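This is what each chain is made of:
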There are 2 protein chains.
Amino acid sequence: MTLRVQKYGGSSVAGAERIQAVAERIVRARQAGDQIVAVVSAMGKTTDQLIELARQVSNSDPDARELDVLLSTGETVSSTLLAMALHARGCPAISLTGLQAGIRTDAFFSRARILTVDPERIRQELEQGRVVIVAGFQGITEQMDVTTLGRGGSDTTAVALAAALRASTCEIYTDVEGVYTADPRIVPEARKLPTILYEEMMELATQGAKVMHNRAVELGWAHGVPIYVASSFTDAPGTLIQGTGQAGGPMQIEVSNKVQAIAHDPNVAKITLLRVPDRPGIASAVFAPLAEAGVSVDVIVQNSSVEKMTDLSFTVARGDAARAREIVERVGKTISAGGVTSDDTLAKVSIVGAGMQDAPGYAARMFQTLAEAGINIEMITTSEIRITCIVRREATAEAVRALHRAFRLETPEGAPKKE
Amino acid sequence: MTLRVQKYGGSSVAGAERIQAVAERIVRARQAGDQIVAVVSAMGKTTDQLIELARQVSNSDPDARELDVLLSTGETVSSTLLAMALHARGCPAISLTGLQAGIRTDAFFSRARILTVDPERIRQELEQGRVVIVAGFQGITEQMDVTTLGRGGSDTTAVALAAALRASTCEIYTDVEGVYTADPRIVPEARKLPTILYEEMMELATQGAKVMHNRAVELGWAHGVPIYVASSFTDAPGTLIQGTGQAGGPMQIEVSNKVQAIAHDPNVAKITLLRVPDRPGIASAVFAPLAEAGVSVDVIVQNSSVEKMTDLSFTVARGDAARAREIVERVGKTISAGGVTSDDTLAKVSIVGAGMQDAPGYAARMFQTLAEAGINIEMITTSEIRITCIVRREATAEAVRALHRAFRLETPEGAPKKE
């Protein structure tokens, strides 16, 4: 008997009708003889509504512990409704909270990390022939306080349960059909990938692809859990995220096209600290207070100069730009910098592929493609399996389309190995 | 230091503004140097909305276990919001679920009974100077399944906690100012009672008074917890429900007016089984299936006749009338009864007072008063401290007003001892 963990996101359980559709899907999976553990998110806009209530009663930021208890009710509600919808179809089912599902976390409210999973109760219920519905995004501390897992929380619950239960797959059902070579709304000929490597998916997620949070992908990678991403709205085949060593896994290393997909993020801001003294300790003086304030810094570029002065630029998410600029202006004064400029009209475009690390020429082709399209590159950053260019926001779609064409991502074979 | 348990009902926490008002009230109580444990109901219509969601996903009745988990989220939400509102006022506070508050119940979902209360966590939080907010209406079984307590659930949570914590009082804040000699909407001169005995309050609650559920009153009586009922919308003094033996308790036994208050219930139906053979076992044949179906039978009247045939009448809540009639018609056939009639246009009016048990003449005065008002009495039932008459529904208000006048309940002295 195969044990499958399925996760249904907020849009998949957004109302009674959607919950019925998910119940139908689970019933079909169960009729195929499989054991099902389903992890659910809160219904549609529930979490936003609860946050709004919290804001109304708190003059300032609501207390993190209380907010976690409050938000956790959203997933609890959808878990019980899905169980009821299964009962209405004659399918034995039981909902479990994070506590009941044995999900123990640390006590960092609003961004707790899972410490251990004790799936004893889940196993008992499965043995009694029940579908087990687990409220995602939530856990419990040793002191029995409710926590939430922060971003990508329900995906993380699902992958952690799949690991603990040694499930055959962790299936993430969402409102897109899988992982594409680029956003199909921008590139109509974008192709759905049947498989992708964990590390490629992590790069794509970090660089703007919305399909899955990289935290859950990382957890799947660490525990070797194959993650299948598909739509809960259709029966179209999705994308399997897995490692090179897994049975049936992709062998991209040897195929000709080493670019797997293109990610883009249209919400990038650049902050520049002008005429900074070029001496040790400056980077730390600038970036330590940003880290303390919880601002994630992405690309960093420092232009050295002969006069022992430098311009220090970095990018942040557009939503963090105002806060970052404020902090940097304060720091700038203490280190006698020449001023601060910022630009929140930027975007980033990335090509990702595990094979790129062994083959030269990808960066050159990327830069050439953008140049031919008349798109200026503001900043560049790379990892082993990724090249990212910062461009002006209005050029985003054209950059993605041009790169998709240049690397011929519309066909599985992709671009010729050598031009 | 005085420990007070307070309970705020659904209308008292119906929105952000009401929650702020409750927070203000708690802050004031705390500034007086008292320790506060506050039990909250779900916000306004939340429970109804959740039930509607459950109905939408369940073709039939939703599973009781799942429904309990679902409904319990309503109280959890309001508990966290109240804690946040206290934080916003600089008042240390923490919300606890039924589980965290140590409320252990049996596993009868939707109508669980509290088995034990382990207030260890509450004590710890109080010792740290925090106001403790407990989600009412919910508990946890030995198997860590969430239960709800059914009718009067949050009141019951509050009284049980007050008993376990040996609190000085259990304060029930609601949308009325206390217990009145009659419903002030019907009798404008109705008087708020400063005190009332547990047993009197139980009779009033059973006979239609909406202020408090008799279950919570009974629990307070069993544990000697003084219950103070007042409005969360005003600062007007409320009503203290207590026993004769308690300090400051009322001594109604010796005061002249032995009628404390008048209760009424306008939703009564009468079912009559005609020409029933007058032999042993008939009552059991009729009432056992009603009990199994969960129909509460109130007044029962059997008119014996010389021909070994009798008419058997009983009353039920109007909402149960159709179901009761269906069951009785089925039973009637098996015992060769002459037919079934029903009338769902009735009401009951009761006079309640602990002193009535030692003094004759109250029944006579009640019947005379109704007769003078031209109101026909359909059925009569009594307890030690109560007399109830079933009348036509349209006569309810006039009956209550006439009785209030006859027993002079508008003054604390009431009617003269002897006419």
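Each value, and the rule that gives it
Residues numbered from 1 in each chain as written. Chains lettered and ligands numbered in written order. Predicted model: local features only at pLDDT ≥ 70, side-chain atom pairs only at ≥ 80, totals over all residues. Helix = DSSP H or I, 4+ residues; strand = E, 2+ residues; numbered from the N terminus. Rg over C-alpha atoms; globule rule 2.2 N^0.38 Å. Contact = placed C-beta atoms within 7 Å. Nonpolar A, V, L, I, M, F, W, Y, C, P; charged D, E, K, R; others polar. Buried ≥ 20, exposed ≤ 12 C-beta atoms within 10 Å, placed from the backbone. Core = buried A, V, L, I, M, F, W, Y, C linked by C-beta atoms within 7 Å. Domains from an automatic or database assignment. Pairing = 2+ DSSP bridges. Axes fitted to C-alpha atoms, helices over the stretch in contact; angles between N-to-C directions. Parallel < 35°, antiparallel > 145°, perpendicular 65-115°, else oblique. Left-handed = near helix turned anticlockwise from the far one by under 90°. pLDDT = per-residue confidence, 0-100. Expected span 1.5 Å × (residues − 1). Least-squares fit on C-alpha atoms with pLDDT ≥ 70 in both.

Examining the overall build of chain A
And then number 1: Helix and strand counts for chain A stand at 11 helices and 18 strands.
And then number 2: In terms of C-alpha radius of gyration, chain A reaches 23 Å, essentially the compact-globule figure of 22 Å for 419 residues.
And then number 3: Each of the three principal axes of chain A carries a C-alpha extent, and together these read 75 × 55 × 35 Å.
And then number 4: Of all intrachain contacts in chain A linking residues separated by at least 6 positions in sequence, the fraction that spans at least 24 positions is 74%.

Concerning the interface of chain B and chain A
And then number 1: At the junction of the two partners, chain B supplies 28 residues and chain A supplies 28 residues.
And then number 2: Counting residues per element, the ones that place at least two in the side of chain B that touches chain A are α1 (16–31), α2 (46–57) and α3 (64–88) of chain B.
And then number 3: Of the residues in the side of chain B that touches chain A, the class split is 15 nonpolar, 11 polar and two charged.

Brief notes about the environment of F287 of chain A
All names here are of chain A.
And then number 1: By the secondary structure assignment, F287 is in helix α8 (residues 282–292).
And then number 2: With 18 C-beta atoms counted inside 10 Å, the residue F287 sits in the partly exposed group.
And then number 3: Once the C-alpha coordinates of F287 and A364 are considered, the two residues, 77 residues apart in sequence, prove to be 31 Å apart.

Regarding the nonpolar core
And then number 1: L82 of chain A together with L82 of chain B are the most contacted members of the largest nonpolar core, which totals 260 residues.
And then number 2: Three or more residues apiece are contributed to this core by two domains, here domain 1 (3–175) and domain 2 (261–406) of chain B.
And then number 3: If near-sequence neighbours (up to four positions away) are discounted, L82 of chain B is found in contact with V13, I19, V22, A23, A38, V40 and I133 of chain B.

Observations regarding the sheet that holds strand β3 (residues 93–96) of chain B
Residue and element names in this part refer to chain B.
And then number 1: Pairing within the open sheet is mixed, and its eight strands lie in the order β3-β6-β2-β1-β9-β11-β12-β10. Every interior strand has two partners, whereas the edge strands, β3 and β10 (195–197), have only one. Pairwise comparison of adjacent strand axes, ignoring direction, gives a mean angle of 20 degrees for this sheet.
And then number 2: Bridge count for strand β2 (residues 35–40) against strand β6 (residues 131–135) is four bridges, and the pairing is parallel. Its bridge partner being in β6, A38 is matched across the sheet by I133.
And then number 3: Where α1 meets the sheet, it contacts β1 (3–8), β2 and β6, and its direction lies at approximately 160 degrees from that of β2.

With respect to the packing of helix α10 (residues 362–372) of chain B against helix α11 (residues 396–406) of chain B
Residues and elements named next belong to chain B.
And then number 1: Two elements in contact, α10 and α11, have axes whose closest approach is 9 Å; the angle formed by their N-to-C orientations is 130 degrees. The pairing of α10 with α11 is recorded here as oblique in orientation. Taken as a pair, α10 and α11 cross one another with a handedness that is right-handed. Packed against α10, whose contacting residues are R365, M366, T369 and L370, the element α11 presents A399, A402, L403 and A406 at the interface.
And then number 2: Considering only residue class, the contact of α10 with α11 consists of six nonpolar, one polar and one charged.

Quick word on the environment of T157 of chain B
All names here are of chain B.
And then number 1: Its place among the elements puts T157 in helix α5 (residues 153–164).
And then number 2: Separated by 22 residues in the primary sequence, T157 and A135 have C-alpha atoms spaced 8.7 Å apart.
And then number 3: Not counting residues within four places of it along the chain, the set of residues in contact with T157 comprises V39, I103, V134, G136, F137 and L149.

So, the confidence of the model for chain A
Residue and element names in this part refer to chain A.
And then number 1: Here chain A averages 89 in pLDDT, while 94% of its residues score no lower than 70.
And then number 2: The low-confidence segment residues 248–255 (pLDDT under 50) makes 12 contacts with residues lying over four places distant or belonging to another chain.
And then number 3: Taken together, the chains of this predicted complex give a pTM of 0.82 and an interface ipTM of 0.77.

Side note on the sheet that holds strand β11 (residues 227–231) of chain A
Residues and elements named next belong to chain A.
And then number 1: An order of β3-β6-β2-β1-β9-β11-β12-β10 is seen for the eight strands of this open sheet, with the pairing classed as mixed. The open sheet has two edge strands with one neighbour each: β3 (93–96) and β10 (195–197). Geometrically, the sheet is characterised by an average inter-axis angle of 20 degrees between neighbouring strands, direction not taken into account.
And then number 2: By the bridge criterion, five bridges tie strand β1 (residues 3–8) to strand β9 (residues 169–174) in an arrangement that is parallel. Opposite K7, over in β9, you have I172 as the bridge partner.
And then number 3: Along the sheet, helix α3 (residues 64–88) contacts β2 (35–40), β3 and β6 (131–135); its crossing angle with β6, the most-contacted strand, is approximately 160 degrees.
And then number 4: In this fold helix α6 (residues 198–206) packs onto β10 and β12 (239–242), with an angle of close to 85 degrees to the strand it touches most, β10.

A short note on unusual backbone geometry
And then number 1: Located in the positive-phi region is R275 of chain A, a residue other than glycine, with phi close to 45 degrees.
And then number 2: Along the chain, R275 of chain A turns up in strand β13 (residues 261–277).
And then number 3: Residue R275 of chain A is classed as partly exposed on the basis of its 16 C-beta neighbours within 10 Å.
And then number 4: A positive phi angle, close to 65 degrees, is found at M144 of chain B, a residue other than glycine.

Concerning α1 of chain B
And then number 1: The end-to-end C-alpha distance of α1 of chain B, which contains 16 residues, comes to 22 Å, matching closely the 22 Å that a straight helix rising 1.5 Å per residue would cover.
And then number 2: Here the buried face of α1 of chain B lies against α2 (46–57) of chain A together with β1, β2, α3 and β6 of chain B.
And then number 3: Immediately downstream of α1 of chain B, the backbone of G33 of chain B shows phi near 95 degrees, a positive value.

Considering the environment of S41 of chain A
All names here are of chain A.
And then number 1: Take S41: it is sitting in the loop between β2 and α2.
And then number 2: We classify S41 as buried; it has 28 C-beta atoms within 10 Å.
And then number 3: Along the sequence, S41 and D61 sit 20 residues apart, while their C-alpha atoms lie 24 Å from each other.
And then number 4: Discounting residues that sit within four places of it in the chain, S41 has contacts with Y8, G9, G10, V13, E75, S78, G136, F137 and S154.

Examining the relation of the copies chain B and chain A
And then number 1: When chain B is fitted to chain A, the best match, at an RMSD of 0.1 Å, comes from turning it 180 degrees and sliding it 0.0 Å along the axis. The two molecules are tied by a two-fold rotation axis, judged by turn and shift. If distances are taken from each C-alpha of chain B to the rotation axis, the shortest is found for T73 of chain B, at 2.8 Å.
And then number 2: Take the interface residues of chain B: 100% of them recur as interface residues in chain A, which is what a same-surface contact looks like.

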